[in-house]
Amino acid sequence: MTAQPVPRTTHAEPAMGTVFSFTAVHGDLPLDAVRAALAAACRILHRCDALFSTWDPDSPVSRFRRGEAALGQMPPEFTEVLRECCAAKQASGGWFDPWAMPGGFDPTGLVKGWATEQALEELRSAGLSGALINGGGDVAVFGSPADGHRWRVGIRHPWRADALACVIEVGQGPVTEERGLEPAGGSGPWGPGACPRGGGVPSRASIAAVATSGPYERGAHLIDPATGRPAGRAASATVTGPSLALADALATGVAVGGDEALTVVAALDGYAAYLIRPDGSEADTGGIAFAR
């Protein structure tokens, strides 16, 4: 007998300067409940955009960058993102440093992955049996697209927009707790690397995440934290792991730091990286399930 197709709903939502693509595996949920969960997840993305847009001069993060709003005046999501940024700065060996960006604190290299995770958690909490969200190349999944299968994520070729460099298989593991990272050094209240109490990556239900960064779409926009100038030692950098927020930040770090940052990721428990250098040669840390 031919297996019946697994009920799924797809959706595309423009937000945060890109398009978020959803694939929702219904499980036992009726279609109306699936659509309601997708709508709630989209509302989360738009709220995150309103909070963290550096293009909107009236957003909370823009006001914070200009010194017009203190930390105590910021919404609670802001403190959580600051904590994640601090953990990512340490985990990346400083290759990702949102405090070293022109114009002041800029969480852009992490916040899209963080927002995607929040939206995915909304779908998981609604009772879907599986889901995938792709936010402009940052992908988070839980569950399975079908019994006995893993999600497949294509990594865009850095010089050929119509081709893939590779395909990576990802899937859900058991629920785990991540050990918080120690705060990085810094100076001043919420200055470079300063973290709130309890700093580190918060524990969360396990997901699988794939984040890719590089200059092939936006040009030389990546900043070397050590110099404050555009720099990049990668044509494409991909990081996998259980947190898309951290994978997003680490992919930015590897795109800036190349092989040096790749070595840093190799030492992180649960994370792996794949690098395409500007000359077209490749390297990876091991631990990535490349599809054949």
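Residues numbered from 1 in each chain as written. Predicted model: local features only at pLDDT ≥ 70, side-chain atom pairs only at ≥ 80, totals over all residues. Heavy atoms only, no water.

## As for the confidence of the model for the protein
- Averaged over every residue, the pLDDT of the protein is 86; the share at 70 or more is 85%.
- Put simply, strand β9 (residues 229-230) is where the protein has its lowest mean pLDDT, 82, and helix α1 (residues 31-52) is where it has its highest, 98.
- Low pLDDT, under 50, characterises residues 173-194; the stretch is placed with 51 contacts to residues that sit more than four places away or in other chains. (pLDDT = per-residue confidence, 0-100. Helix = DSSP H or I, 4+ residues; strand = E, 2+ residues; numbered from the N terminus. Contact = heavy atoms within 4.5 Å.)

## Examining the pairing of strand β10 (residues 236-241)
- Burial within β10 is extensive, with six of its six residues counted as buried.
- What you see with β10 is no split at all: S236, T238 and T240 on one side and A237, V239 and G241 on the other are buried throughout.
- By the bridge criterion, five bridges tie strand β7 (residues 208-213) to β10 in an arrangement that is antiparallel. Within the sheet, the bridge partner assigned to S213 lies in β10 and is A237.
- Note: β10 against strand β11 (residues 272-276), five bridges, orientation antiparallel. Directly across from T238, in β11, lies its bridge partner Y274. (Buried < 20%, exposed > 50% of the residue type's maximum accessible area, 1.4 Å probe, protein only. Pairing = 2+ DSSP bridges.)

## Structural notes on helix α3 (residues 76-91)
- For α3, built from 16 residues, the straight-helix expectation of 22 Å at 1.5 Å per residue is met to within 8% by its first-to-last C-alpha distance of 23 Å.
- Burial runs high along α3: 12 of the 16 residues are buried.
- Within α3, burial applies to E77, F78, V81, L82, R83, E84, C85, C86, A87, A88, K89 and A91.
- Where the residues of α3 are buried, they touch α1, α2 (60-65), α4 (108-126), α5 (244-257) and α6 (259-266).
- Positive phi shows up at G93, right after α3, with a value of about 70 degrees. (Expected span 1.5 Å × (residues − 1).)

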